[in-house]
Amino acid sequence: MTVLGRIGVAGCGRMGGPMLAALVAAGFEADGYDIAPDGVLDDVPVTDDPTAFSKGLQVLVSVVRDADQTDDVLFGRGALAHAGDLRTLVISSTLSPRYVRGLKDRMPGHVRLVDAPMSGARIAAQERRLSFMLGGDDKELDRLQPIFDAMGRHFHRMGPFGSGAQSKVLNNLLAASHTAMTRLVLDWADEAGLDERRLLKLIETSSGQNWLASGIDDIEFARDGWSEENSIGILVKDVAAALDAAPDGADTRLPETVKATIRALKKRPPPKA
């Protein structure tokens, strides 16, 4: 598949690595860039050399952790924004919509911009069934659709550039609230002497059903405690991104409480056999 040219994935961690593997498996000319490339993927080239990575790069998919890392990739030591052949930038990180929209004024005019954050946790990336929230020009989204088809299963076109980011942080605000409340419910159930498996089976078929409760055996961070570097920490970052784009005068007390609750999470052991 050469119609789109060479595709590069920046940030080959828990999400970007499986996404890159999916592109390669689908036959795209794709490789990766990561500051710690050793052992990321067995059979897929990943480099920490931005100069080598930028040669012939036409589509850049950025899946780095946050705005600071995005700045570093695009405008810092990587300076991939100025890769000579770059024609399309796809932002798949979960970032503040204000930051994402601001990239239009910072990127070279010939580079087309699409925001395509994804949802589903690592298990969905590995199984190539991610959900993408897409923002950008329809013609460009049509052109890129084969890339998204290789990595995902559900595609939601939300409007112009920036709409994907806005949709993603609102979705993740709900995911964060589900995470906080589900973990609290399970802790309280322990204190009441309820069997976790039986309670989760009940929740799955009742009004309390939610993403974390349904996927607690598959979502890699479902039982983690908070850490700056793990996925629970990323979820706190995502709530902060949603708050950054809150409407003027919005009541932010509930999201702030959710963020504080997630920061206080302790590791939860697996259920008793």
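Please refer to the structure higher up on the page.
The structure reproduced in this document is the subject of the present report. Counting restarts for each chain, with residues numbered from 1 along the sequence as it is written. Local features are withheld for residues below a pLDDT of 70 in this predicted model, meaning they are given only at 70 or higher, and side-chain atom pairs are given and counted only at 80 or more; totals for whole chains, interfaces and linings count all residues. Water and hydrogen atoms were dropped before computing side-chain values, which therefore reflect all heavy atoms in the structure.

**Let's talk about the overall build of the chain**
For clarity, the cut-off: The numbering of helices and of strands both runs from the N terminus, where a helix is a DSSP run of H or I of at least 4 residues and a strand a run of E of at least 2. Atoms considered for the radius of gyration are the C-alpha atoms alone. The globule rule reads 2.2 Å times the number of residues to the power 0.38. Under the scheme applied here, a residue whose accessible area is under 20% of the maximum for its type counts as buried, over 50% as exposed, and between as partly exposed, the area being computed with a 1.4 Å probe on protein chains only. Here Asp and Glu are counted as negative and Lys and Arg as positive; His is not counted, and neither are the chain ends. Here the site of a charge means atom NZ of a Lys, CZ of an Arg, CG of an Asp or CD of a Glu.
Assigned secondary structure in the chain consists of eleven helices and nine strands. At 19 Å, the chain has a C-alpha radius of gyration in line with the 19 Å of a compact globule built from 273 residues. Taken over the C-alpha atoms alone, the chain extends approximately 60 × 45 × 30 Å along its principal axes. The buried share among the 273 residues of the chain stands at 51%. Positive and negative side-chain charges of the chain, numbering 32 and 38 respectively, have mean locations separated by a distance of 3 Å.

**Side note on the environment of alanine 213**
Inclusion rule: When checking whether two residues touch, look at their non-hydrogen atoms; a contact exists if any pair is within 4.5 Å.
In this fold, alanine 213 is placed in helix H9 (residues 211–214). Alanine 213 gets classed as buried once you look at its relative accessible area, which sits at 9%. For the pair alanine 213 and leucine 186, spaced 27 residues apart in the sequence, the C-alpha separation amounts to 9.4 Å. Setting aside residues no more than four positions away along its own chain, alanine 213 makes contact with Thr182, Leu200 and Ile203.

**Quick notes on the packing of helix H7 (residues 163–192) against helix H10 (residues 231–244)**
How we decide: Interaxial angles span 0 to 180 degrees and are taken between N-to-C directions of axes, which are lines fitted to C-alpha atoms, for helices over the stretch in contact. Throughout this description, any angle smaller than 35 degrees is read as roughly parallel, any larger than 145 degrees as roughly antiparallel, any in the 65 to 115 degree range as roughly perpendicular, and the remainder as oblique. Take the far helix as the reference: if the near one is turned anticlockwise from it by less than a right angle, the crossing is left-handed, and if turned clockwise, right-handed.
Between H7 and H10, the shortest axis-to-axis distance is 9 Å and the interhelical angle comes to 130 degrees. When the axis of H7 is compared with that of H10, the two are oblique. The interaxial crossing formed by H7 with H10 has left-handed handedness. Here Val169, Asn172, Leu173, Ala176 and Thr179 of H7 lie close against H10, whose contacting residues are Ile232, Leu235, Asp238, Val239, Ala241 and Ala242.

**Examining H7**
Let me state the cut-off plainly: Multiplying 1.5 Å by the residue count of a helix minus one yields the expected span of that helix.
Taking 1.5 Å per residue as the helical rise, H7 with its 30 residues ought to reach 44 Å, and the 44 Å between its terminal C-alpha atoms agrees with that figure. The positive-phi residue at the C-terminal boundary of H7 is glycine 193, with phi of around 80 degrees.

**Examining the packing of aromatic side chains**
Cut-off, in case you're wondering: Two rings from Phe, Tyr or Trp (for Trp, the six-membered ring) form a pair when their centres are within 6.5 Å of each other. A pair whose planes differ by under 30 degrees is stacked, one over 60 is edge-to-face, and the rest are tilted. Charges are assigned to positions over rings by a cutoff of 6 Å between ring centre and Lys NZ or Arg CZ, combined with an angular limit of 35 degrees from the ring normal.
Within the structure shown, the criterion is met by four aromatic pairs. Taken together, the ring pairs connect Phe132, Phe148 and Phe155 into an aromatic cluster. One Lys or Arg, arginine 263, reaches over the ring of tryptophan 226 and ends 4.4 Å from the middle of that ring.

**Structural notes on the pattern of salt bridges**
The following threshold applies: Think of a salt bridge as a Lys or Arg side-chain nitrogen and an Asp or Glu carboxyl oxygen that are within 4 Å of each other.
Going through the model one piece at a time under the given rule, you end up with 16 salt bridges. Put simply, glutamate 127 and arginine 129 hold a salt bridge, and the shortest N to O gap is 2.6 Å. Linking arginine 197 and aspartate 217 is a salt bridge whose minimum nitrogen-to-oxygen distance equals 2.9 Å. Placement of the pair is arginine 197 in helix H8 (residues 196–204) and aspartate 217 in the loop between H9 and H10, with a sequence separation of 20 residues. On the basis of relative accessible area, arginine 197 is assigned to the partly exposed category, the value being 37%. By sharing partners, the salt bridges in this structure join Asp187, Asp190, Glu196, Arg223 and Arg268 into a single network.

**Looking at H10**
We count it as follows: Contacts described as polar in this section are N or O atom pairs within 3.5 Å, which, within protein, must combine one atom able to donate a hydrogen with one able to accept it, while residues neighboring in sequence count only if both atoms come from side chains.
With 14 residues, H10 ought to run about 20 Å at 1.5 Å a step, and its terminal C-alpha atoms sit 20 Å apart, in line with that. Every buried residue belonging to H10 is among Ser231, Ile232, Gly233, Ile234, Leu235, Val236, Lys237, Asp238, Val239, Ala241, Ala242 and Leu243, and all of these are buried. If you follow the buried residues of H10, they end up packed against helix H4 (97–102), H7 and helix H11 (253–263). Sitting at the head of H10, asparagine 230 places a side-chain oxygen 3.1 Å from the backbone nitrogen of isoleucine 232.

**With respect to the packing of H7 against H8**
Inclusion rule: Any residue that is not Ala, Val, Leu, Ile, Met, Phe, Trp, Tyr, Cys, Pro, Asp, Glu, Lys or Arg is counted as polar, Gly included; the first ten are nonpolar and the last four charged.
Relative to each other, H7 and H8 sit at 135 degrees, their axes nearing to 10 Å. The orientation of H7 with respect to H8, classified from their angle, is oblique. Here the hand of the crossing between H7 and H8 comes out right-handed. Where H7 approaches H8, its residues Val185, Leu186 and Ala189 are matched on the opposing element by Glu196, Leu199 and Leu200. Its residues assigned to classes, the contact of H7 with H8 comprises five nonpolar, no polar and one charged.

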